[in-house]
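As a plain string of letters, each chain reads:
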Amino acid sequence: MIDTLFTFTEVLIKVGKAADEMYYEGKDEEFEAMVLSPEQILDSMNIDDLNICYETSTVANFDIKNVEQTLRKQYQKNDFAIKDVIIRENCAYIKIMHDIPLNRGSRCYGAAFSVNYIEPNNGVSIYGYYTKNSDERQAFKEIANELIKVFS
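All of the points below concern the structure found in this document. (Residues numbered from 1 in each chain as written. Predicted model: local features only at pLDDT ≥ 70, side-chain atom pairs only at ≥ 80, totals over all residues. Heavy atoms only, no water.)

## Some thoughts on the environment of G128
In step 1: Along the polypeptide, G128 turns up in strand β5 (residues 123-128).
In step 2: G128 sits in the buried class, given a relative accessible area of 0%.
In step 3: Between the C-alpha atom of G128 and that of F113, which follows or precedes it by 15 residues, the distance is 4.7 Å.
In step 4: Excluding anything up to four places from it in sequence, G128 contacts D49, L50, N51, I52, Y54, A112 and F113. (Helix = DSSP H or I, 4+ residues; strand = E, 2+ residues; numbered from the N terminus. Buried < 20%, exposed > 50% of the residue type's maximum accessible area, 1.4 Å probe, protein only. Contact = heavy atoms within 4.5 Å.)

Structural data, given as structure tokens:
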């Protein structure tokens, strides 16, 4: 009787594992193949929360349309990784992966920044998220500073 119960339990476990494997088979590929539109990326960035100015500077000959190209060509330090750049009128939204503190580590934190261009005075302002964490705030300031250096 006990042998039958153990055999039944083993079969039940094997059936459960097989069903679980069949259900999750191909799920990873499903997520990897997903491509987001620029609007979906902007939604995921929560751009309405980019309201803290971390850096402002005057930049001669700044062209908002060339922000992505400039970043990809000029940013050499590799302290953070640029994931997405989306241009909208006089603003560029940048998705960045970084570490806290900023040190070329695992880059397991994500943040978004907006680069705002004010034409009359050639002003460039870098906005980011508000944070109470002083280490994160310092990382945001360093990222904004690096972005301004790239554009200058």
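Here the narrative resumes.
## Observations regarding the packing of aromatic side chains
In step 1: For the coordinates displayed, the defined rule picks out four aromatic pairs.
In step 2: Ring geometry for F113 and F140: centres 5.5 Å apart, planes at 85°, overall edge-to-face. Separated by 27 residues along the polypeptide, F113 in strand β4 (residues 109-118) and F140 in helix α5 (residues 134-151) bring together distant segments of the chain. (Phe/Tyr/Trp six-rings, centres within 6.5 Å; stacked < 30°, edge-to-face > 60°.)

## Observations regarding the sheet that holds strand β3 (residues 91-98)
In step 1: The five strands are arranged β1-β5-β4-β3-β2 in an open sheet whose pairing can be described as antiparallel. The sheet is open, and its two borders are formed by β1 (52-58) and β2 (81-88), each paired with just one other strand. Taking each pair of neighbouring strands and ignoring which way they run, the sheet shows an average axis angle of 20°.
In step 2: Bridge count between β4 and β5: five bridges; the pairing is antiparallel. Across the sheet, Y117 pairs through a bridge with V124, a residue of β5.
In step 3: Those strands touched by helix α4 (residues 67-74) are β2 and β3, and its axis lies near 160° from that of β2.
In step 4: Seen against the sheet, α5 touches β1, β3, β4 and β5 and runs at an angle of roughly 25° to β1. (Pairing = 2+ DSSP bridges. Axes fitted to C-alpha atoms, helices over the stretch in contact; angles between N-to-C directions.)

## A look at the side chain of T131
In step 1: Within the secondary structure, T131 is located in the loop between β5 and α5.
In step 2: Within the structure, T131 has its side chain in polar contact with the side chain of E136 (distance 2.6 Å).
In step 3: Not counting the four nearest positions on each side in its chain, T131 is found in contact with Y54, E136, R137 and F140. (Polar contact = N/O pair within 3.5 Å; in protein donor to acceptor, adjacent residues only side chain to side chain.)

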